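Read off the chains here:
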Amino acid sequence: MLEAIRAILEPQTMLTFLGAMVWAIILGILPGIGPTLAIALTMPFTFYLPTAKALGLLVGIYNACIYGGSITSILINVPGTPGSAATCADGFAMSQKGEAGKALGISLSASALGGFASAVCLLFFAPLIAKVALAFGPAEYFWLALWGLTVVAAVTTGSFLRGMIAAVFGFLLSLVGIDSITGSSRFTFGSPYLLEGFDMLAVVIGTFAASQVLVMANEGGTISKAGKITGRVLDGLLVPFRHLATLIRSAVIGVLFGAVPAVGMSAASYFAYAEAVRFSKHPETFGSGEEEGVLAPEVANNATVGGGLIPALTLGIPGTESAAVLLGAIFAYGLRPGQNIFVEHVDVFFSMVFCLILSCLWMLILGIFGANVWAKITIVPTEILVPLITITYFIGAYASGAKIINIIVAFSMGLLAFVMKRHKYSLVAMMLAFVLGPMVEDNFVRASLIGGGSFVESFLSKPLSIFLAMLTLVSLVWALRREIMMARKAVAGPSSSAA
Amino acid sequence: MKSVRGRFGDSEFLLPVFFLLVFLFMISRTPAFHPRARLFPTLLLGLGILLATTEVALQLFRGRALVQPDRKPKGIRREFWLVVVIGACYMLSTFFLGFYIPSLVYIPLCMWSLGVRRLKTLVGVTMFSVMTIYLVFGYWLSLPTPRFY
C-alpha cells in the first residue's frame with residue numbers, strides 16, 4: 001500500500017494529476033459530457049503511464065468530473081451531468097439569493113466527502129457490499145424503485161395533486177421507446193428517432209436549463225436577485241459537518257446505489273435529495289435555497305464512484321455506466337477483476353483508492369480558488385447569459401447521442417417546464433419518476449415472470465425483498481400522513497387566523 | 001367568483017386540461033401494444049387521467065386546488081415571446097445550416113431583443129462564444145455539433 005502511495009506522490013505524477021483534475025472539472029462543467037465520456041476521452045492519454053497510475057488517474061477523473069457538473073447546476077441551473085440535476089433546485093435558488101459562493105462551497109465539500117466516504121467503503125467493505133449488491137434481483141430492484149417513487153410526496157413542495165400529475169407525466173416520458181421485456185415499441189408513432197426513448201440528458205437539460213433561459217428572459221436583471229454575491233465559499237465548506245445525519249445517509253445511499261448495478265448516479269442523487277426532504281424538520285424550505293438540498297445530492301453522486309467500483313473490481317460487474325468504461329480500461333491494461341486485482345496486482349487497487357482520495361483533496365484546493373471567480377457569473381446580466389446558455393444547452397443536448405431530436409426534446413421540455421414551474425407543478429417529482437420509471441416497470445414484469453404470477457413468490461420470496469417492501473410501505477404511510485397533516489394545517493390556517 | 005366560462009382562458013385551468021388530453025390520447029394508443037407491454041402504461045395513464053380530472057374539476061367548480069399556490073404567477077414580458085420565437089428559428093436553422101452560422105446570427109439577435117444595443121458587446125460576446133465553442137467542442141474534444149447537410 002505504501003509503495004502505491006509513494007508512487008503517486010512523486011512530483012511529476014502529482015503535476016499530471018493536477019492537470020487531469022482541472023481537465024475533469026472543465027469536462028464536468030460542459031453539459032453533455034458526463035464522467036463516462038470524460039473517462040473515455042482521457043483514456044488514450046494515460047497509455048504512457050504505468051498501469052497503477054493510469055487507472056488511478058481515471059478514477060480521479062471520474063470523481064472530479066461529477067463535482068464539475070454541480071458548478072453549472074448551481075450557477076446557471078444547467079446540470080453539467082445528469083447526476084447533478086437534483087442539485088439545481090436548491091443550488092440555483094441559493095445563487096438567486098446571492099449565495100452562489102456558499103452553495104459552491106457546500107457542493108465542493110459535499111463532493112469531496114462523498115468521494116472520500118466511497119473510497120473508505122471501497123477499501124474496507126468491498127466484499128460485504130458486493131455481496132449485498134449481488135443479492136438484488138428483479139423483486140428487490142422493483143421495491144427499491146417503488147420506495148424511491150414514494151418520496152414524490154416529499155419533494156412536492158406545492159400541491160400534492162399537481163406533484164403527482166407531474167410524476168405521472170415523467171413516468172410516461174420514460175415509457176416512450178422499445179419495451180425492454182417484449183421488444184415492442186410504445187408511443188413512438190412510427191418515428192425511428194423515438195425507438196430508443198427520450199435521451200435522459202436532453203430531458204434533464206430541457207427541464208432545467210431551457211426553462212431557466214425562459215425564466216431569465218421573462219424576469220431580466222441578474223441571476224442573483226440582489227445583484228451581488230454575499231455568501232463565500234468558505235461559509236459553505238463547513239455546512240456538511242452541521243448536517244452530519246444527512247451527510248452519512250446520503251453517503252450510504254450513494255455507495256449502495258453505485259454498487260447495485262444499473263441504478264446509477266441520477267437515481268442516487270434524487271433519492272438522497274428526497275430523503276433529506278423527508279427527514280428535514282422544515283421540508284417546506286426545500287427548493288428555495290436549503291443547504292441540505294445541495295448537500296444531499298452532491299454527497300450521493302460522488303459516493304457512487306467508489307460504490308460503482310466495488311462490484312466492478314470484485315466481480316467484474318460494473319455498478320454504473322462510468323464504472324463499465326473503467327472496467328474496460330482495466331481489461332485494456334491486461335488486468336482481470338477479482339483475485340487478479342486484489343492479490344496479484346494489489347498495488348493497482350491501492351493506487352485507485354488512493355487516487356480517489358487524492359482527487360478529493362485536489363478538488364477542494366481547486367474549488368476554493370476557483371469558486372469565488374465562477375460565482376461572478378451570477379451577476380452577469382441575463383441579456384448576455386440567455387443566448388450563451390441557449391447555445392450551450394443546444395450543444396449539450398446534441399452531444400448526448402448526436403441526434404437532432406435531442407435539441408427538439410430539450411427545447412420543448414423547456415417550454416413545458418417553464419409553464420409547469422409557473423403553476424407549481426414539481427419538476428423534481430417529474431424527473432424522479434422519469435429516472436425511476438423504467439426500473440419499476442421492467443423489474444415488476446421480470447419478477448412476475450420469475451414468480452409465475454404469484455405475488456408472494458414474485459415479490460416477497462427473499463428477506464431483502466421483504467425488508468425493502470416494508471420500507472416502501474412505511475414510506476408510503478409516512479407520505480400519506482404528511483399530506484393529511486398539511487391538508488389539515490391548510491384548512492385550520494385561515495380559520496385560526498380569523499379567530 | 002370567476003365564472004365557469006372565464007376559467008377556460010385561465011392557464012391554471014388549461015395546464016391540467018393539457019395533461020388530461022395528453023393522458024387520454026396516450027391511453028387510446030395502448031390497445032395496439034403487446035399485452036405484456038400494455039399493463040403498466042394503462043395503469044399509469046388511468047391514474048394520470050384520474051388525477052388530472054380531479055385537478056380540472058377542482059379548478060372548474062371550486063376554483064382552487066387542494067393546496068392553493070401562494071400567489072398567481074407574474075405576467076409574461078414581450079421579451080419572453082421574442083426569445084421563444086428567435087430560439088425556435090435558431091433550432092430550425094441548425095437543422096439546415098449547422099451550428100456555427102446560425103449561432104453567429106442568433107446570439108446578437110437574442111441580445112438585441114433583450115435590450116443590448118452596444119455594438120462592441122454584441123460583436124464581442126458573439127465572436128468570443130462561437131470561437132470558444134468551436135475550439136472546445138469542435139477542435140479540442142472533436143465532439144459532434146449539428147452539421148450543415
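Residues numbered from 1 in each chain as written. Chains lettered and ligands numbered in written order. Predicted model: local features only at pLDDT ≥ 70, side-chain atom pairs only at ≥ 80, totals over all residues.

Draft legend 1. Just the overall build of chain A, in detail. A count of helices and strands for chain A gives 24 helices and 2 strands. Structurally, chain A occupies a C-alpha span of about 75 × 60 × 50 Å along its principal axes. Burial statistics for chain A: of 499 residues in total, 63% are counted as buried. Residue pairs in contact within chain A that sit at least 24 positions apart in sequence constitute 79% of those at least 6 positions apart. (Helix = DSSP H or I, 4+ residues; strand = E, 2+ residues; numbered from the N terminus. Buried ≥ 20, exposed ≤ 12 C-beta atoms within 10 Å, placed from the backbone. Contact = placed C-beta atoms within 7 Å.)

Draft legend 2. Inspection of helix α4 (residues 78–97) of chain B at higher detail. Spanning 20 residues, α4 of chain B covers 28 Å between terminal C-alpha atoms, matching the ideal 28 Å at 1.5 Å per step. Those residues of α4 of chain B not exposed but buried are E79, V83, I86, G87, Y90, M91 and T94 of chain B. Mapping the buried residues of α4 of chain B onto a view down its axis gives an arc of 145°, with all of them on the same face. Away from the buried face of α4 of chain B by more than 90 degrees, exposed residues R78, V85, A88 and F96 of chain B are located. The inward-facing, buried residues of α4 of chain B contact α11 (200–219), α20 (382–399) and α21 (404–422) of chain A together with α5 (100–113) of chain B. Among the residues trailing α4 of chain B, G98 of chain B stands out with phi positive, at a value near 80°. (Expected span 1.5 Å × (residues − 1). Arc of directions from axis to C-beta.)

Draft legend 3. Examining the interface of chain A and chain B more closely. Taken together, the contact pairs 46 residues of chain A with 52 residues of chain B. Counting residues per element, the ones that place at least two in the side of chain A that touches chain B are α10 (160–175), α11, α20, α21, α22 (427–451) and α24 (463–498) of chain A. It is α20 of chain A that contributes the most residues to the side of chain A that touches chain B, 11 residues altogether. When its residues are assigned to classes, the side of chain A that touches chain B shows 32 nonpolar, 7 polar and 7 charged. (Nonpolar A, V, L, I, M, F, W, Y, C, P; charged D, E, K, R; others polar.)

Draft legend 4. Quick peek at the environment of L356 of chain A. Residues and elements named next belong to chain A. With respect to the helices and strands, the residue L356 is situated in helix α19 (residues 346–374). Each C-alpha atom, one on L356 and one on N63, is 7.0 Å from the other, the two residues being 293 residues apart in sequence. If near-sequence neighbours (up to four positions away) are discounted, L356 is found in contact with V59, G60, N63, G115, A119, V305 and G306.

Note that every value here comes from positions in space, so none of it alone points to a role or purpose.
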